[in-house]
Every structure is written in structure tokens, then in C-alpha cells.
Amino acid sequence: MQNQISSIEVLLSDDVRKALDDFAALLNLRAVFFSRDGKEIKIGRDAETSAYCRAMWRNHDLADACDELDLRMHAECGRKKQIISYICHAGLGEIVAPVIVMDDVVGFIVLGQFRVTPLFPAIAASPEEKRLYAQLPLFTREQLHNLEHMLQVLLEWILAKKLVDYPQDMRMVKLHRYIERHLAEKITLATAARALCCSVSTLTHFLREKGGCCFSNLVASKRIERAKILLKEHPEWKLDAVAGKSGFGSSFYFSRMFKKAVGITPKDFRDK
């Protein structure tokens, strides 16, 4: 399941695009969405790269170097799971923010192409390059810090409003992972829906359509499978311990549910 996640893009609703559009437009910035593997998903306002960047790519052959730097910065942002800022080869500032759902980085939002100093970068040698550079927005260190904070607040709003969604196969992967991580705890449909950033009705409908079962049955089957593994790997454990680690309230309830699902008692399963 882990391998499936890296190749699946995050889906962004139109509301997310509009929110980033408005945010970027206020500051004359460019907002770009990337999947976790670095593939561009959407561009806010369909904005092009700045004329300065295009000139620098053309005059100094920087396109490949900039792409490589962007990927490295995305990777660093993903490792740290926090917003980072950096200066590109052309001397412009970029901000990368991770989109985190269920503790996984599922994509990135990039705000960029702004100046961090009024001084011309050394690479901008021609009068035309300097003119194009001077047209870009300028942010002081304090303003850059405030911009990062505003972007963080916007991301939290996006996730709270459940405006980030998964493709259906990724949602199933996430659901199974969530249940497996919390088997020993009390798991409810509401907590699972909250973890997947969707409503209870959406998750219920999704399970009926794609999973062919209800949530409680899925949890029960996962707990039975966990119990089977524990019975095999820990023959010295008492049934109370196996029941607790599998998420069953008591050894009596565990034995009853196990026999109903498997056809024999946990003791007979272990002996067999």
C-alpha cells in the first residue's frame, strides 16, 4: 500500500484554487500546485512564469538548474513538514508549503517570484534583465515572515474546510492505514472521517460503493487479522493480551467474535 501512495496526486477543489488565486493576486505573486513527486498540478490564475525568469532561462540557460533546485527544496520541505523559503539561481524568493493530510505530505503549494532585496543579483547583467527584475514585488525579511504565517493560516483553513481530497484508491489506502494504526484504540466512523478530511456520509457512501462493506465490519475484520498474527507470533500471550492488542474489549468478546469469523476459538486456532 505504501508504494501506491507516492504515485497518486492530491486533488484540489475549485475553492482551493480560488482561495490561492485571491491570496496570490493581492500580493502580485504566482501560486503553483505540485504533487508530492514534483509534478505540477494546477497554476493559480493560469499565471505564467515572470518575464524576468523567462529572460534568465533564455539568456543564462537556467531552466534545468531551477527545476533541479525546486525538486530539492520540495524534498527538504517534505522532510521537515514545514514551510521553507529559498532563493533561486536567478536571485528570486520562493516559498514552499507542504499540504499535510493524516501526517503525510500529499503535495506542495509554491508562492514565488518575488525580490528579497532591492539590489540587483549579480547574474542580472543586462539593462533589460535589471528592468524586469525591478518590476517584481519586493518583501522585507519581516514581510516574508508574515507572508509565511499567512500561508500557514490559509493552509489550515483549506484542510479544516476539507477542500483537499484524495482519489478513491488513495482514500482506501489511507482508510486501511488509519484503522491499522489505531486498532488497539476506540475507532469510530466519525474519527476516521475526520482523519480522512471528509464527512461521515461521504465515507459511508464510499465504503458501500468501493469497499463493499460497512465501516464496523471493516474494523472487525482488521482486528481479527491482527489477532491471528498475534496468536501465531506470541503463543505465550494470554487471550486478554491478544484481545487488548487487537482492540477487543475483553477476552470473552474476543473469543465470541473470533469464533464467529473464523469458525474456531482463538485457543483452537493457536493449537492448530
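Heads up: the structure comes first, above all this text.
These notes cover the structure that comes with them. Since we're looking at a predicted model, the values are computed, not measured. (Residues numbered from 1 in each chain as written. Predicted model: local features only at pLDDT ≥ 70, side-chain atom pairs only at ≥ 80, totals over all residues. Heavy atoms only, no water.)

Some words on unusual backbone geometry
Its identity as a non-glycine residue notwithstanding, N28 has a phi of 60°, on the positive side. The topology assignment puts N28 in the loop between α2 (14-27) and β2 (30-35). Even without a glycine there, the phi angle at D61 is positive, about 55°. Along the chain, D61 falls in the loop between α3 (51-60) and α4 (63-80). (Helix = DSSP H or I, 4+ residues; strand = E, 2+ residues; numbered from the N terminus.)

Looking at the packing of helix α10 (residues 215-233) against helix α12 (residues 251-262)
Where α10 contacts α12, the two axes come as close as 11 Å, and the packing angle between them is 100°. Between α10 and α12, the crossing angle belongs to the class labelled roughly perpendicular. Along its contact with α10, which presents I224, A227, K228 and L231, the element α12 presents F254, M257, F258, A261 and V262. (Axes fitted to C-alpha atoms, helices over the stretch in contact; angles between N-to-C directions. Parallel < 35°, antiparallel > 145°, perpendicular 65-115°, else oblique. Contact = heavy atoms within 4.5 Å.)

Digging into helix α11 (residues 239-246)
Since there are 3.6 residues in each turn of an α-helix, residues three or four apart along the chain are aligned in direction. Burial in α11 covers these residues: V242, A243 and S246. One face of α11 carries all of its buried residues, which in axial projection span an arc of 100°. For α11, the secondary structure elements touched by its buried residues are α10, α12 and α13 (266-271). In the stretch just after α11, G247 is the one whose phi turns positive, near 95°. (Buried < 20%, exposed > 50% of the residue type's maximum accessible area, 1.4 Å probe, protein only. Arc of directions from axis to C-beta.)

A closer look at the pattern of salt bridges
Following the criterion strictly, the structure yields six salt bridges and no others. Between R131 and E128 there is a salt bridge whose closest N-O contact spans 2.6 Å. Linking R131 with E128, this pair stays in helix α5 (residues 127-134), spanning three residues, or about one helical turn. For R131, a relative accessible area of 41% gives the class partly exposed. Here E225 makes a salt bridge to K228, at a shortest N to O gap of 3.5 Å. Within this pair, E225 and its partner K228 are both found in helix α10, separated by three residues, close to a single helical turn. Residue classification places E225 among the partly exposed residues on the basis of a relative accessible area of 44%. Exposure remark for K228: the relative accessible area of 23% places this residue in the partly exposed category. (Salt bridge = Lys/Arg side-chain N within 4 Å of Asp/Glu carboxyl O.)

Quick look at the environment of C88
With respect to the helices, strands and loops of the structure, C88 is situated in the loop between β4 (84-87) and β5 (93-101). Under the relative-accessibility criterion, C88 is labelled buried at 11%. In sequence terms C88 and C66 are 22 residues apart; their C-alpha atoms lie 6.7 Å from each other.

Overview of helix α6 (residues 141-160)
When the terminal C-alpha atoms of α6 are compared, their 29 Å separation across 20 residues agrees well with the 28 Å that a helix rising 1.5 Å per residue should span. Along α6, the positions that sit buried rather than exposed are L144, L147, L151, L154, L155 and I158. Along the axis of α6, the buried positions cluster into a sector of 100°, meaning they face one direction only. Those residues of α6 that are exposed and aimed more than 90 degrees away from the buried face are E142, H145, H149 and A160. (Expected span 1.5 Å × (residues − 1).)

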